[in-house]
Amino acid sequence: VLNRYEVSSLSLEQVSNLRNALYKLQNDQGPNGYEAIASFHGSPGLCPENATEKYACCQHGMPAFPAFHRLLTVQFERALKDNGALVGIPYWDWTRPVKSMPSLFTESFGENPF
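Reference entry: report on the structure contained in this document. (Residues numbered from 1 in each chain as written. Predicted model: local features only at pLDDT ≥ 70, side-chain atom pairs only at ≥ 80, totals over all residues. Heavy atoms only, no water.)

Here's the deal with helix α1 (residues 12-26)
Part 1: Here α1 is 15 residues long and its end C-alpha atoms lie 21 Å apart, about the 21 Å a rise of 1.5 Å per residue gives.
Part 2: Buried residues belonging to α1 abut α2 (34-41), α3 (65-82) and α4 (103-106). (Helix = DSSP H or I, 4+ residues; strand = E, 2+ residues; numbered from the N terminus. Expected span 1.5 Å × (residues − 1). Contact = heavy atoms within 4.5 Å.)

Here it is in C-alpha cells:
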C-alpha cells in the first residue's frame with residue numbers, strides 16, 4: 001500500500017521518485033505496462049472480452065463509472081509501485097487556492113513524463 005499525498009505537498013525526492021516510476025512504466029510494453037493499462041480506459045477497445053465488436057471498457061455516464069475508475073487507479077498505482085514508486089498517485093485538493101502549478105508538472109530536470 002502506498003501513501004497518497006496532496007500534489008503540492010510532495011517533496012522533491014517524492015516528485016523525482018514518482019517521475020522515475022512513471023517513466024519506467026511508460027516504457028514497459030508488457031501486459032502491466034502503461035499502454036496496456038491505459039487501453040482498458042480508452043483505445044483500443046477491449047470490452048467485452050469475447051465479443052467480435054469491442055468498445056472502451058470505461059463507459060462514462062454509466063452506473064459502473066466510479067467503481068471502474070477506482071479499479072483503474074488501483075491497477076495504475078500497483079504498476080507504479082512495481083516500477084519503484086514509493087508514494088501513491090497524488091491527489092489535487094481543489095478546495096485549496098493554487099498559487100502555482102505543482103513542481104510535479106513544471107520541473108524539467110531529467111526525464112519528465114508529465
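What to know about the nonpolar core
Part 1: Counting residues in hydrophobic clusters, the biggest one holds 18 residues, and the most contacted among them are L10, L18, F68, L80, A85 and L104.
Part 2: Counting residues per element, the ones that place at least two in this core are α1 and α3.
Part 3: It is α1 that provides the largest number of residues to this core, a total of five residues. (Core = buried A, V, L, I, M, F, W, Y, C linked by side-chain atoms within 4.5 Å. Buried < 20%, exposed > 50% of the residue type's maximum accessible area, 1.4 Å probe, protein only.)

Quick notes on the side chain of S39
Part 1: Within the secondary structure, S39 is located in helix α2.
Part 2: Residue S39 is classed as buried on the basis of its relative accessible area of 7%.
Part 3: Those residues in contact with S39 that sit more than four places away from it in its chain are P44 and L46.

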